Amino acid sequence: MSKLHIAFTSDTHGHILDEDYATGRRAHMGICCLMDPIHEWCSHGDSLIVDGGDTMQGTPLMKVWLRGSRRGTNPCALALNRLGCEYVTLGNHDFNFGRDVLQQYLEELDAVCVCANVHDERGELPIVPSSVCTLPSGLVLGITGIVTDYVNIWERPEHLEGITIEDPVSAVQREAAKLREEADLIVCIYHGGFEEDLATGRRLSKTRENAACEIARTADIDLLLTGHQHMAVDGVKIAGTWCVQPPANATSFIALEGTGDGSGWVWSSDLMAADGAPDDELSSMLAPLAAKTEEWLAESVGELEAPIGPEEKLSCALSGSAVAHLINEAQIEASGADISCTALPNGATGLPAKVTERDICAAYPFANLLMKAEITREVLLSSLERCASYLELGPDGKPQISDLFLRPKVEHYNFDLYEGIHAVADLRLPVGRRITELAMADGSPVPEKLTLALNDYRSTGTGGYEALGECPSEPVGSDEVPDIIAAFLRKKSPYVPRRTCSLEFIWQD
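Predicted model, so just to flag it, every value in this text is computed and none were measured.

So, how was this worked out
- Residues numbered from 1 in each chain as written.
- Predicted model: local features only at pLDDT ≥ 70, side-chain atom pairs only at ≥ 80, totals over all residues.
- Heavy atoms only, no water.
- 1 Å grid on protein atoms, 1.4 Å probe; cavity = no way out; pocket = protein on both sides within 12 Å on 5 of 7 lines; lining within 4 Å.
- Points joined across faces, edges and corners; volume = space filled by probe spheres on them.
- Helix = DSSP H or I, 4+ residues; strand = E, 2+ residues; numbered from the N terminus.
- Nonpolar A, V, L, I, M, F, W, Y, C, P; charged D, E, K, R; others polar.
- Buried < 20%, exposed > 50% of the residue type's maximum accessible area, 1.4 Å probe, protein only.
- Pairing = 2+ DSSP bridges.
- Contact = heavy atoms within 4.5 Å.
- Arc of directions from axis to C-beta.
- Salt bridge = Lys/Arg side-chain N within 4 Å of Asp/Glu carboxyl O.
- Polar contact = N/O pair within 3.5 Å; in protein donor to acceptor, adjacent residues only side chain to side chain.
- Axes fitted to C-alpha atoms, helices over the stretch in contact; angles between N-to-C directions.
- Parallel < 35°, antiparallel > 145°, perpendicular 65-115°, else oblique.
- Left-handed = near helix turned anticlockwise from the far one by under 90°.
- Core = buried A, V, L, I, M, F, W, Y, C linked by side-chain atoms within 4.5 Å.
- Phe/Tyr/Trp six-rings, centres within 6.5 Å; stacked < 30°, edge-to-face > 60°.

Moving on to empty space enclosed by the protein. In this structure the tally under the stated criterion is three cavities of 30 Å³ or more. Of the voids in this model, the largest cavity is the one considered here, and its volume is about 70 Å³. Cys 316, Ala 317, Gly 320, Phe 415, Asp 416, Leu 417, Tyr 418, Thr 500, Cys 501, Ser 502 and Leu 503 together form the lining of the largest cavity. Taken together, the elements giving at least two residues each to the lining of the largest cavity come down to α10 (313-319) and β22 (416-419). The element best represented in the lining of the largest cavity is β22, accounting for three residues. Here the lining of the largest cavity is built from residues that sort into seven nonpolar, three polar and one charged. Listing elements by their share of the lining of the second largest cavity, those giving two or more residues are α11 (322-335) and β22. Of the residues contributing to the lining of the second largest cavity, the split by class is three nonpolar, five polar and one charged.

Put into structure tokens, the structure is as follows:
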């Protein structure tokens, strides 16, 4: 009887230390709080510690390190080494900071990076398509990794210079066939998610951004360790392949146990919380960087004439968002575009009267670039129809957020709030045919061609906005959107917050 324990993390997004950067308080999260439970899980017999990518992007700590001299070991490599991570794959955000940062991170990792669909023409990045390891019991594991090829769509071209990213499905099929000749078990680390609702089988998207179900059905693998979607899946069997996915931000990890008797393997898995005491050694190593990060977070950005309280999602959709209005005004001023859009975040939004860098990070946590797209009236109408699907009428005849944006994964960020236009959507009409009125904010007709300020994520057409992905666009400088917001507030302080409702929903006469 063979037994194997695997600890799997993914999408830690720079959360190394135990801190909620929005509040400055401990949050029982971060790799430092995963150490004890992971080490305990992997302390008996054959074991493996694995990470699924997207490690560097997402926290002020990493932002300060990446913008500084980058002295010493990459903090994320330091954390994974301290954790004892043995295998990793790449996530789409691991390419965000350019080739040099990626190479430094990989070279400083003790772990082997397996990524079968990423090819470095220069041969400089320490990436292998697969690896075979023999555990103390003699059990032979074949391990491969892949990343969603939507990196090709999302990433800045200069960051992918000399790098080719092929279709992940064919890549894992190829590697699995090779590994089966010498391995007892095949594990695939996939930085991608499920394209189907795991409860109903409903197709979640027409795109191939996520392909876990197809991979499970067509590749000869035993375990599929997924990520990218930030959706907790503690274990599901698809066509004989055991599949899991941990949530984001190092709040927990997947603890897998496999038992083999010679005729096959039985798997069980569960989510285990980051409830260990923070690792003192890692915290000490990063203390100088943490202090520098706290100094930056405390820097003043500007003032509002009145604070913006927490904004509830349904209220934002029906009445507008003061935070979104601020972001859109900043984007229009920076870009000179005719109109602007920004996504409704999943997290709580709001700003105090005295705004610091910490508040900007909380309100806009992503390192997006600002883009200026040339769109048509038809593209704008298509995008607004997607926005209009965010709400539906409930049993009481009143608007509620559609299940399409809540299950199986919460996706408030796929609803955009606009500035510079006014549209009316009738919730009694079918999805895709709800927009009944469309004009510019001043009441004039929408021209056939106009410019739109939006972030680089939305400009790719991701989230159901395929028409936007087909429009020509260009970056507005090199500053990230949070920096553009901060610069706007410094210039306009004291800023007067206000809501505008650019998409008006109606549901009764």
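The structure having been displayed, the exposition proceeds.
This next bit is on the pairing of strand β23 (residues 421-426). With respect to burial, β23 is a largely interior element, five of its six residues being buried. Strand direction decides the pairing type here: β23 and strand β24 (residues 435-440), joined by five bridges, are antiparallel. From the neighbouring strand, Ala 423 faces β24, where its bridge partner is Leu 438. Pairing analysis gives four bridges linking β23 to strand β27 (residues 503-506), with the strands arranged parallel. When the bridges of β27 are listed, Ala 425 appears paired with Phe 505.

Our next topic: helix α1 (residues 31-41). With respect to burial, α1 is a largely interior element, eight of its eleven residues being buried. Regarding α1, the residues found buried are Ile 31, Cys 32, Cys 33, Leu 34, Met 35, Pro 37, Ile 38 and Trp 41. Check the buried side of α1 and you find it contacts β1 (2-9), β2 (46-51), α3 (75-83), β14 (252-260), β15 (265-273) and α8 (280-285).

For the rest of this paragraph, the subject is helix α9 (residues 287-297). Among the residues of α9, those classed as buried are Leu 289, Ala 290, Thr 293, Trp 296 and Leu 297. Projected down its long axis, α9 shows its buried positions confined to an angular sector of 120°, all on one face. Exposed residues pointing more than 90 degrees away from the buried face of α9 are listed as Pro 288, Lys 292 and Glu 295. Buried residues in α9 make contact with α2 (60-67), α3, β18 (354-356) and α12 (357-363).

Another aspect to go through is the pattern of salt bridges. This model, assessed by the stated rule, comprises 27 salt bridges. Here the salt bridges share partners, and the residues they tie into one network are Lys 63, Arg 67, Glu 480 and Asp 483.

A word on the sheet that holds β2. What holds strands together in a sheet is hydrogen bonding between their backbones, with the strands either parallel or antiparallel. Reading across from one edge, β6-β4-β3-β2-β1-β14-β15 is the order of the seven strands in this open sheet, with mixed pairing throughout. The open sheet has two free edges, formed respectively by β6 (127-128) and β15, since each of these has just one partner strand.

A few words on the environment of Asp 442. Relative to the helices and strands, Asp 442 resides in the loop between β24 and β25 (449-455). Each C-alpha atom, one on Asp 442 and one on Pro 345, is 27 Å from the other, the two residues being 97 residues apart in sequence. Within the structure, the side chain of Asp 442 is placed 2.6 Å from the side chain of Ser 444, a separation counted as a polar contact.

Geometrically, the link from Arg 407 to Pro 408 is a cis peptide bond, its omega value of 0° lying close to zero. The topology assignment puts Pro 408 in the loop between β21 (399-401) and β22. A cis amide bond links Ser 493 with the next residue in sequence, Pro 494, at an omega value of 0°. Along the chain, Pro 494 falls in the loop between α16 (481-492) and β27. Not every positive phi belongs to a glycine, and Asp 11 is a case in point at roughly 55°.

Right, let's get into the packing of α1 against α3. In contact at an axis separation of 10 Å, α1 and α3 are set at 15° when each is read in the N-to-C sense. With respect to α3, the element α1 is oriented roughly parallel. Along this stretch, α1 crosses α3, giving a crossing that reads as right-handed. Residues Ile 31, Leu 34, Met 35, Ile 38 and His 39 of α1 lie in contact with α3, whose contacting residues are Ala 79, Leu 80, Arg 82 and Leu 83.

This next bit is on the nonpolar core. Among the nonpolar cores identified, the biggest contains 55 residues, and Ile 16, Leu 90, Phe 95, Tyr 105, Leu 106 and Val 118 are the most heavily contacted of them. Elements supplying a minimum of two residues to this core: α1, α2, α3, α4 (99-108), β9 (163-165), β14 and α9. With seven residues, the top contributor of residues to this core is α1. Sequence-distant contacts of Leu 106, that is, excluding residues within four places in its chain, are made with Leu 90, Cys 113, Leu 125, Pro 126 and Ile 127. Counting 37 residues, the second largest nonpolar core, distinct from the first, contains Met 371, Ala 373, Leu 417 and Tyr 418.

Our focus in this paragraph is the side chain of Lys 63. Among the structural elements, Lys 63 can be located in helix α2. Residue classification places Lys 63 among the buried positions, given a relative accessible area of 16%. The contact partners of Lys 63, leaving out residues within four places of it in the chain, are Trp 296, Glu 480, Pro 482 and Asp 483.

Turning our attention to the packing of aromatic side chains. All chains considered together, the criterion is met by six aromatic pairs. For the pair Phe 488 and Tyr 495, a centre-to-centre distance of 5.9 Å together with 70° between the ring planes defines the contact as edge-to-face. Taking the relative accessible area as the measure of exposure, Phe 488 reaches 6% and is therefore buried. Tyr 495 gets classed as buried once you look at its relative accessible area, which sits at 5%. Here a set of aromatic residues connected by ring pairs shows up, and it is made of Tyr 150, Trp 154 and Tyr 457.

Let's shift gears to the packing of α11 against α16. The geometry of α11 relative to α16 is characterised by a closest axis approach of 9 Å and an angle of 90° between their N-to-C directions. Here α11 lies roughly perpendicular to α16, going by the angle between them. Taken together, the residues of α16 that come into contact with α11 (itself represented by Leu 326, Ile 327, Glu 329, Ala 330, Gln 331, Glu 333 and Ala 334) are Val 481, Ile 484, Ile 485, Phe 488, Leu 489, Lys 491 and Lys 492. Here the residues of the contact of α11 with α16 are counted per class, giving nine nonpolar, one polar and four charged.

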